[in-house]
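# Chains, contacts and geometry: an overview
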Protein chains: 2
Amino acid sequence: MKGTARLPNAAQAVRRGDRRALARLITAVENGDRNAEPALRALYPFTGHAQIIGITGPLGVGKSSVINELIAHLRGLGRTVAVLAVDPSSPFSGGSVLGDRIRLDRAPEDSGVFIRSMASRGHAGGVAIATRASVRLLEAAGFDIVLVETVGSGQVDVEIRDVATTSVVVLVPHLGDEVQTLKAGLFEIADVFCVNKSDLPGAERAEKHLTDLAGTGRPRNGWTARIVATSTSPPCGIDRLWEAIAAHEAFLDAGGRRSEEERRRLAKEIAGRVRDRVGERILEDPALHGLVDRVIARTLDPETAARELYAERFPPR
Amino acid sequence: MKGTARLPNAAQAVRRGDRRALARLITAVENGDRNAEPALRALYPFTGHAQIIGITGPLGVGKSSVINELIAHLRGLGRTVAVLAVDPSSPFSGGSVLGDRIRLDRAPEDSGVFIRSMASRGHAGGVAIATRASVRLLEAAGFDIVLVETVGSGQVDVEIRDVATTSVVVLVPHLGDEVQTLKAGLFEIADVFCVNKSDLPGAERAEKHLTDLAGTGRPRNGWTARIVATSTSPPCGIDRLWEAIAAHEAFLDAGGRRSEEERRRLAKEIAGRVRDRVGERILEDPALHGLVDRVIARTLDPETAARELYAERFPPR
């Protein structure tokens, strides 16, 4: 393969399509293993071409089943697909606390599909960094589409819009008034709403409700969220779900939005990485511990303590 | 009330037991309104005496029902209770996407109970800061016990151990092998496991499984997680759940652990506040945008970009 001659071995293997090398690198990334860095750096130029689709929504709405059907649909279209399950309850990651496991019955020899879970380290920042790095590894491995499954309903550990080019929020028909409270948060996240389990009563009303909300709501950056009803047993609406996702991807390309969004995401990521390094340094700052003593004694409050430390260590340039 | 004469009006009102003033201050905190700061600062000396109990666990395990029963139990013991629902799906916050609302049938005139939800702002850091500040307001308002409800299963927006003195993880019997994957994360979080819906089949096995895991696992800081089976319709085991929580609270007091833990939490909080200020400053740094250009052109990778910016702006002292 062109241009891989000078790559580190692991990076070359990933570019050659070696799935075990890919899996090993993702594990290294998850473990925060710095030995993975040369490969990550070497593979970074091969990123930026995949469609990164975030699939998010609360536990029990059937995200994993939707993903399962999306994989089948996309393979039918000849696209290669990687799945990164950041949701610890996902059956893809062996979780599924509530027991609603799904059957993953794909041919194991299909090299056009790769499924991987992100182990939760109980540390949101670490997961976010590992998720971004893993998505890049999957891109560099040549997958056309990367589906990132996260749990979340407004509050998410991995802010899906900071990773994905298109964000799909999966919900179930049982909405009613509740959607009002979630509305702001969800419309901020979603490019596409997937009303799953649309065979359940209330699906049509839920779809109409969301459509009304989407219509009255301000479109975000010129895009009005699309609403698609799906069900997965038997599969129904998955083709329209993909059409809605593809329409958003085409929208990103048409108006120069894709590079704007990439710029926003990268600035936030790099700033976040610098911020985290600074954070580690502050934790080891001897001045911090003197301040904590005063805060424990209640002669100083935490916000004022932070302000003092910031002013002392990071004076205006 | 002693010592309130020189407090700002809002702070005085909170100390007098004015619930509307309390609610207004929490709203201000949620909105990031800086006008709340004098009151927060003035009330900080009145914090540190409450028991802050985190109740966490995935959607659908019945956290809110357990909380509902805990309130009744604690009121029976003569303790005052505030609930802060940080889980956007909590019925306390009007969420409950899956429709399993519970009936909150307390006497509305009982001033010994205060329930409040934390609106999700889709921004994890903001929620964490607002949660800590709100807990302090509830402490300063004189509540004996503050129950903080969060969603989460290993990954949590608000890292509950950074807020609560005792953390309860609520699960349901349907565990099986799945708990293995969650194990590490959950044992890191939980001081007490609550196996709720223990009327469902598998409850006894789940409890035994967790007990075995807790027994073989290393106790964290000298405390071995306790496991309690509960159900809520009809209520059962809630008294034992509270005993387990109270045992952990007593453990904290006995060995000087409470102040050690408080020191750890405050150091992390103050460092986090300083880090976030630095993060905002980095986002506005002109040098960042030059680096982003190179990262978009794929001539530089994000990690190296961050390292360069860190070295330039934050050289070793």
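Because the structure is predicted, anything quoted here is derived from the model rather than measured.

### Focus on the overall build of chain A
When its secondary structure is counted, chain A shows 11 helices and 9 strands. Sorting the 317 residues of chain A into buried and exposed places 51% on the buried side. Sequence separation of at least 24 residues holds for 72% of the intrachain contacts in chain A that already meet a minimum separation of 6.

### Overview of the sheet that holds strand E7 (residues 226-229) of chain A
Residue and element names in this part refer to chain A. The 7 strands are arranged E3-E2-E4-E1-E5-E6-E7 in an open sheet whose pairing can be described as parallel. The open sheet terminates on both sides in strands that have one partner only, identified here as strand E3 (113-117) and E7. Strand-to-strand twist across the sheet, computed as the mean angle between neighbouring axes with direction ignored, equals 20°.

### Remarks on the sheet that holds strand E4 (residues 145-151) of chain B
All names here are of chain B. Across the sheet, 7 strands lie side by side as E3-E2-E4-E1-E5-E6-E7; this open sheet has parallel pairing. Each of the sheet's edge strands pairs with one partner strand only, and the pair in question is strand E3 (113-117) and strand E7 (226-229). Strand-to-strand, the axes of this sheet are offset by a mean angle of 20°, without reference to chain direction. With 5 bridges connecting them, strand E2 (residues 81-85) and E3 associate as parallel partners.

### Description of unusual backbone geometry
All names here are of chain A. Put simply, serine 233 and proline 234 share a cis peptide bond, and its omega is 0°. Look at lysine 197: it is not a glycine, yet its phi comes out positive at around 55°. Checked against the element boundaries, lysine 197 lands in the loop between strand E6 (192-195) and helix H7 (203-216).

### Some remarks on the environment of alanine 13 of chain A
Residue and element names in this part refer to chain A. With respect to the secondary-structure elements, alanine 13 resides in helix H1 (residues 9-16). Of the residues examined, alanine 13 has 20 C-beta atoms within 10 Å and is grouped as buried. In this structure, the C-alpha to C-alpha distance between alanine 13 and alanine 141, residues 128 residues apart in sequence, is 9.0 Å. When near neighbours in sequence (up to four residues on either side) are disregarded, alanine 13 contacts Asp18 and Ala21.

### A closer look at helix H4 (residues 63-76) of chain B
Residue and element names in this part refer to chain B. With 14 residues, H4 extends 20 Å between its outermost C-alpha atoms, agreeing within 8% with the 20 Å of an ideal straight helix rising 1.5 Å per residue. Across the 14 residues that make up H4, a large majority, 10, are buried. Of the residues making up H4, those classed as buried are Lys63, Ser64, Ser65, Val66, Ile67, Asn68, Glu69, Leu70, Ile71 and Leu74. One or two steps after H4, the chain reaches glycine 78, where phi turns positive at roughly 85°.

### Some words on the confidence of the model for chain A
Residues and elements named next belong to chain A. Mean pLDDT for chain A: 83, with 79% of residues reaching 70 or above. Taken as a whole, residues 153-157 scores under 50 in pLDDT and shows 26 contacts with residues more than four places along the chain or in a different chain. Interface predicted TM-score (ipTM) for the complex: 0.85; the corresponding pTM is 0.77.

### Remarks on the domain arrangement of chain A
According to the domain assignment, chain A contains domain 1 (1-46), domain 2 (48-255) and domain 3 (267-313). For domain 1 of chain A and domain 3 of chain A, the distance between their C-alpha centres works out to 36 Å.

### Digging into the packing of helix H11 (residues 302-313) of chain A against helix H9 (residues 257-283) of chain B
Put simply, H11 of chain A and H9 of chain B touch, their axes get as near as 9 Å, and they point 55° apart. By the criterion of interaxial angle, the relationship of H11 of chain A to H9 of chain B is oblique. In this structure, H11 of chain A crosses over H9 of chain B, and the sense of that crossing is right-handed. Touching Pro302, Glu303, Ala305, Ala306, Leu309 and Tyr310 of chain A of H11 of chain A are Leu266, Glu269, Ile270, Arg273, Val274 and Arg277 of chain B, all from H9 of chain B. Its residues placed into classes, the contact of H11 of chain A with H9 of chain B shows 8 nonpolar, no polar and 4 charged.

What counts, and where the lines are drawn
- The residue numbers shown here count from 1 along each chain, following its written sequence.
- Going through the entries in the order they are written, you letter the chains from A and number the ligands from 1.
- In view of the model being predicted, local features appear only for residues whose pLDDT reaches at least 70, and side-chain atom pairs are presented and counted only at 80 or more, with totals across whole chains, interfaces and linings using the full set of residues.
- Helix numbers and strand numbers start at the N terminus; a helix is a DSSP run of H or I with at least 4 residues, a strand a run of E with at least 2.
- To sort residues by burial, count the other C-beta atoms lying within 10 Å of each one's C-beta; a count of 20 or more means buried, 12 or fewer means exposed, and anything in between means partly exposed. C-beta atoms are built from the backbone.
- Our contact criterion uses C-beta atoms placed from the backbone: two residues qualify when those atoms are within 7 Å.
- When DSSP finds two or more bridges between two strands, those strands count as paired.
- Only the contacting stretch of a helix is used when fitting its axis, a line to C-alpha atoms as for every element, and angles between N-to-C directions run 0 to 180 degrees.
- Multiplying one less than the number of residues by 1.5 Å gives the expected span of a helix.
- Confidence scores per residue from the predictor, reported as pLDDT, run from 0 to 100.
- Each domain span listed reflects an automatic or database assignment of domains.
- We call two directions roughly parallel when the angle between them is under 35 degrees, roughly antiparallel when it is over 145, roughly perpendicular when it lies between 65 and 115, and oblique otherwise.
- Should the near helix be turned anticlockwise from the far one by less than a right angle, the crossing is left-handed, and should it be turned clockwise, the crossing is right-handed.
- Each residue gets one of three labels, nonpolar for Ala, Val, Leu, Ile, Met, Phe, Trp, Tyr, Cys and Pro, charged for Asp, Glu, Lys and Arg, and polar for the others, Gly among them.

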